[in-house]
Amino acid sequence: LESYQNGIALGFYEFERVDAEVKTPYTYYWGMKAHRKLVHNGSFDEVLYTSNDEVLEGTTFSFFIVADGEVKTPKADGRILGSITRMNLLRIMKEKNIKHSETTVLVDDILKADEAFIASANRDLIPVTSINGKKIGNGKIGSNYKQLMNLYLEEINK
């Protein structure tokens, strides 16, 4: 698929799901509304939720950046879905001694990141090359993403 080879563009949307750890239809209503605004009627491939300049998650995916040689993802503190894919990726990084953290990720952190990608059960990992019209890193798919995608595919194909 093209998105795995060229990356995707995300658009910010100020929104925090209620009961984010619960995966039910009512938790997705506003996400679908955001998707309609930014994707169907806009110029982005996916929606990335923010709340008071803090990055949370996407409509149906977890979010990661690579900055200063470290993979960072928002904390699963009840404000985002913990996600099986996210948990497996964190476990893989721990097993392979890849520097990573669950931390607060701010909008400013993203704009200074070298790489970004999303993770979801139905799409695996997809690189992100721009957010809100700004290039991430050099705007190309990074080596950290490629390494993690290979490790993840290796894991699920066992």
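Quick summary incoming for the structure in this document. Position numbers for residues count from 1 along each chain, tracking the sequence in the order it is written. Since the coordinates come from a predicted model, pLDDT governs what is reported: local features require at least 70, and pairs of side-chain atoms require 80 or more to be given and counted, while whole-chain, interface and lining totals use all residues. Side-chain descriptors were evaluated using all non-hydrogen atoms of the structure, hydrogens and water having been removed beforehand.

## Description of unusual backbone geometry
Of note in this structure, D53 is not a glycine but carries a positive phi near 70°. What counts as a helix is a DSSP run of H or I of at least four residues, what counts as a strand is a run of E of at least two, and both are numbered from the N terminus. Locating D53 in the fold gives a position in the loop between β2 (46-51) and β3 (54-58). Of note in the backbone geometry, N97 takes a positive phi value of approximately 55° without being a glycine. With respect to the secondary-structure elements, N97 resides in the loop between α3 (84-95) and β6 (100-103). Throughout this description, buried means an accessible area under 20% of the type-specific maximum (1.4 Å probe, protein chains only), exposed means over 50%, and partly exposed covers the range between. When its relative accessible area of 70% is taken as the criterion, N97 is described as exposed.

## Quick word on the packing of aromatic side chains
Pairing of aromatic rings covers Phe, Tyr and Trp, the last counted by its six-membered ring, and requires centre-to-centre distances within 6.5 Å; plane angles under 30 degrees mean stacked, over 60 mean edge-to-face, and any other angle means tilted. By the definition in use, this model includes three aromatic pairs. On the basis of an interplanar angle of 5° and a centroid distance of 4.9 Å, the ring pair of F64 and F117 is categorised as stacked. Of this pair, F64 sits in strand β4 (residues 62-67) while F117 sits in strand β7 (residues 115-120), and the two are 53 residues apart along the sequence. Each member of the pair, F64 together with F117, is buried. Put simply, the rings of F64, F117 and Y145 touch in pairs and so form one group of aromatic residues.

## Points about the pattern of salt bridges
Salt bridges are defined as contacts in which a side-chain nitrogen from Lys or Arg sits within 4 Å of a carboxyl oxygen from Asp or Glu. Evaluated as defined, the whole model comprises six salt bridges. With a closest N to O distance of 2.9 Å, R91 and E155 form a salt bridge. Remark: E155 occurs in helix α5 (residues 143-156) and R91 occurs in helix α3; sequence separation between them is 64 residues. By relative accessible area, which is 28% here, R91 ends up partly exposed. By relative accessible area, which is 23% here, E155 ends up partly exposed. Across the pair K158 and E155 runs a salt bridge, and its minimum N-O distance is 3.5 Å. Members of the salt-bridge network, linked through shared partners, are R91, E95, E155 and K158.

## Side note on α5
Its 14 residues place the ends of α5 20 Å apart at the C-alpha level, agreeing with the 20 Å of an ideal helix rising 1.5 Å per residue. Within α5, burial applies to Y145, L148, M149, L151 and Y152. Take α5 and look down its axis: the buried residues cluster within an arc of 165°, on one side only. Residues S143 and N150 are exposed on α5 and point more than 90 degrees away from its buried face. One fewer than the residue count of a helix, multiplied by 1.5 Å, yields its expected span. Each direction from the helix axis to a C-beta atom contributes to the arc, which is the arc of those directions.

## Focus on the side chain of S51
Mapped onto the fold, S51 is located in strand β2. Looking at S51, the relative accessible area reads 9%, which means it is buried. Ignoring any residue separated from it by four or fewer positions in sequence, one finds S51 in contact with E14, E16, L56 and R79. The contact criterion used throughout is that any non-hydrogen atoms of two residues lie within 4.5 Å.

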